[in-house]
Each structure stands twice: as structure tokens, then as C-alpha cells.
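This is what each chain is made of:
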Amino acid sequence: MSQHQFFATCPRGLEALLVDELTACGAKNIQPTDGGVGFSGDMPMCYQANLQSRIATRILWQVGRGRYATEDDLYQAAYKLDWPQWFNVGSDFMVKVTGVKCPLKSLEFATLRIKDAVCDRFRQAVGSRPYIDTKEPDVRIHAYLAAEEYQFYLDTSGNALYQRGLRRASIEAPLRENLAAGILKLSGWQPGTPFLDPMCGSGTFLLEAAMIALNIAPGSGRTFGFEKLKNFDETAWSKLRQQAKSKIKPVTFQKIYGSDTDLRAVRIAKQNIEQAGLMEAVQLSKVDFTEVIPPHGEGVLVANPPYGVRIGEDEELAALYPKMGEALKRKFSGWNTYFLTTDMRLPKLMRLAPSKRTPLFNGPLECRLFEIKMVAGSNRKDAVKEG
Ligand SMILES: C[S@@+](CC[C@H](N)C(=O)[O-])C[C@H]1O[C@@H](n2cnc3c(N)ncnc32)[C@H](O)[C@@H]1O
């Protein structure tokens, strides 16, 4: 089968985990960079990566690259590509341009020129042009413009891969599913080990943990961009889907626990987990962090505390953190705990020293994942010094 070049994007900080996933999918020539991973493989491998990756945001198929200096160079480069070979004139499309050190004055104008080139190429080949749809297009074309080089991609994912195809109700500031899955991986949690999110919000960690524990491929309930491309190999795709489906375990309790102090959040988490058909795998309760009783002698605790965005919240949080630290020290020895936050004061205010601090990005927000291992006796002595 013919080999293609791909680029998978992901939240910054999770590139190494994405390398592992792509390797497991059979990708070749894997090259991580900031915010994504380049690789090569055949189309079924690309389907498999879309279906199985919990970390990737999108998987892009490279269809052209070269050097440019002006918008007109981009028009010529895009016009040269045989778009009608890749999608039908009846498929509507959009062009998304990303510039990194791009010398052009207006990325909007570059977008327009690339769109014109694609339409002109269709007109020349089939006598009419496809429509534009910037909301729910059949086909997405991505152009990456560096200082001197362009790359054109067809998006094989369609909607971003963190959209698992579950209709989800949300609270304020839910985490993206792929960031949550990456944090679970970074925590070293393995199915069978007790897992607790005591600030569960809409239940993102719980859902991702349940899907991992039950071997549910993250893309098993959704459609993908590659299904709209002309080279779509339906036989290969249904085989991969079938294989994935046959590995799903029956839904039983997985020692996954979630709680939140806000009853609305607990209700929303319940609704989301129920809609995914995973309620039996998870136990939910409405309880404040400071009152949580550990469900087992040891386990993994992961939480994403509220961010202090509104006025007055900063002080509220500064009051909450020491209480959280106290609760951990009193009750959670034997647990490995992880906190994702933008608030760098968290460990200090919890009066606990983290053994690891991993930089991650929640969208544009720079965060840390603090690892705090609650060993018996003084945590301060055992943990690595800050720095
Ligand atoms: C940033 S949100 C978590 C979002 C969640 N990870 C998601 O993806 O939906 C923070 C959550 O902490 C909860 N929370 C705030 N203070 C709490 C406390 N003292 N005990 C337990 N939960 C608390 C809030 O109700 C909110 O749902």
C-alpha cells in the first residue's frame, strides 16, 4: 500500500505519549516536534491512529510542501495540486491557515488565495467548484506557513479527536478529553488501581479512565474526515472498527470514583457518564474535597482544581489549598496524587512538596501537573525539593 506523510497535533507537553500511541498503531519515521508528531504510513494506519489515539487532536495528511515568499506563490502551489483527485466537487470545504514566523501581512488574504486556487483547479478539471462551509465542512484543508516553507494538509480527523462522539453537558472550564487522557497516562494509573477525582466537574477524567479500563477505543462512536475523501477504503475501515469493538470489555465497576462539592457538577458528570453507558464502571458522590474518605488504602488521585479567574477567587483558593493539603496528609497516605493547575502557588499553599512538576498547556493556558506522593510520615522529607 502506498505510504503517506502525516502530522498529528496534540496538546503541548504530551508529544512523547503520542509517539508511544503512534508506534503502537504501526506508524513509521516518527518525529516529535513542539505540539505534534510527524510520521509516515499507509491510509489504514492513519484510520487506526484516528480511532485509537487518546492524545492526538487531529491527524493531518500532507499533500504538498515547498517554498514560498508571497500570497501568489501560495496560489500557484495550491493550484498545482490535484484536489479533484482527493475529494468530490459536491463536498464543501474550508481552508485553515496557521502561520509560524510567516512573513505575510495577512493570513486571511493567504487563506482566500489558497481557497481560490482550489476552486479554480476544480473549475478547470470538472467545470464547477465546491462550496465553502466554515462550520461543518466535509473537507478541511490546513496550510502551515513557516518563514519560507508551506505545507498543505488534508485533515483526516474532521472534528477534533478530543470530541469522542459523546453528547456532553458541560460545566465551567471542562478539560479537553485528550489532555485528561494524557494526564492519566502521566500519572502512571493502570486499570484495576483505584482512581479518584475529588473535583470531578463534568467528569472528564472519570470518562477517560472508564474508557481506558474497558478498552473502548476513543473514536469508536464518531465519524472522521477521511470518510469523506475519495480514497476512503471502507473495507479496511470497517475491519479496524470491528477489531476495536471486539476488544471492549463488559461494563463492570472499575474502582473509579468521582466527587465534587457542587451538586450541579455531580449531576452533569452523572448525565455524561450515563449517556456514555458507563455508569456501572464509576461511583459518584457529592462531597467536599476536605471531607472525602479514601475508598481504598492506596490509589491514584487526579484533580483539576478551580482556576482563580474571577475577582476574589484568588483569595478563596488560597484559603482552600491549605485545607486540601491537610486532608491529604490526614487521610491519603499510600496515594499518588496529581494536580493540574495554572496556579503555581498550589503546592506551597498545600504545604506539600511535589516530586514532579510537568509543564502542560490547557489550550493557551500554561499549567503544571504537580505530582505529590503521599508517603507515610512527612511528605516534605521524602519529596524532591522545589526547583
Ligand atoms: C476546573 S473544574 C474541574 C473540571 C473537570 N476536570 C472537568 O473536566 O469538567 C473544578 C471543579 O472543582 C470543584 N470544586 C471547587 N471547590 C471544591 C471543593 N472544596 N471540594 C470539591 N470540589 C470542589 C468545582 O465545583 C468544579 O467542578
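Above this text sits the structure in question.
Residues numbered from 1 in each chain as written. Predicted model: local features only at pLDDT ≥ 70, side-chain atom pairs only at ≥ 80, totals over all residues. Heavy atoms only, no water.

*Asks:* Help me understand the sheet that holds strand β10 (residues 282-286) in this model?
*Replies:* Within a beta sheet, neighbouring strands are joined by backbone hydrogen bonds and run either parallel or antiparallel to one another. Across the sheet, which stays open at both edges, the seven strands sit in the order β10-β9-β8-β11-β12-β14-β13 with mixed pairing between neighbours. Whereas interior strands pair on both sides, the edge strands pair on one side only; in this sheet they are β10 and β13 (356-362). On average, each strand axis in the sheet is inclined to that of its neighbour by 20°, with strand direction left out of account. The sheet contact formed by strand β11 (residues 299-303) and strand β12 (residues 335-341) spans five bridges and is parallel. Residue pairing for β12: Leu 301 is matched across the bridge by Thr 337. (Pairing = 2+ DSSP bridges. Helix = DSSP H or I, 4+ residues; strand = E, 2+ residues; numbered from the N terminus. Axes fitted to C-alpha atoms, helices over the stretch in contact; angles between N-to-C directions.)

*Asks:* Looking at this structure, how should I read the site of the ligand?
*Replies:* Taken together, 20 residues form the shell around the ligand, and within it Leu 175, Ser 202, Thr 204, Asp 260 and Phe 289 come nearest. Phe 289 places a polar main-chain atom, nitrogen or oxygen, 2.8 Å from a nitrogen atom of the ligand. Burial of the ligand by the protein amounts to 90% of the accessible area it has alone, namely 610 Å². Its residues assigned to classes, the shell around the ligand shows twelve nonpolar, five polar and three charged. (Near = heavy atom within 4 Å. Polar contact = N/O pair within 3.5 Å; in protein donor to acceptor, adjacent residues only side chain to side chain. Areas by Shrake-Rupley, 256 points an atom, 1.4 Å probe, with all protein chains shown as cover. Nonpolar A, V, L, I, M, F, W, Y, C, P; charged D, E, K, R; others polar.)

*Asks:* What's the story with the side chain of Thr 156 in this structure? I'm lost.
*Replies:* With respect to the helices, strands and loops of the structure, Thr 156 is situated in the loop between β7 (149-155) and α6 (177-187). Setting aside chain neighbours within four positions, we find Thr 156 in contact with Cys 46, Asn 50, Ile 59, Trp 61, Phe 224, Gly 225 and Phe 226. (Contact = heavy atoms within 4.5 Å.)

*Asks:* What am I meant to see in unusual backbone geometry here?
*Replies:* Peptide bonds are trans in most cases, and residues, glycine excluded, mostly fall at negative phi. At Lys 101, a position not held by glycine, the phi torsion is positive, near 60°. You can call Lys 101 exposed: its relative accessible area is 72%. One non-glycine residue, Asn 215, lies in positive phi territory at about 65°. With respect to the helices and strands, the residue Asn 215 is situated in the loop between α7 (204-213) and α8 (234-246). (Buried < 20%, exposed > 50% of the residue type's maximum accessible area, 1.4 Å probe, protein only.)

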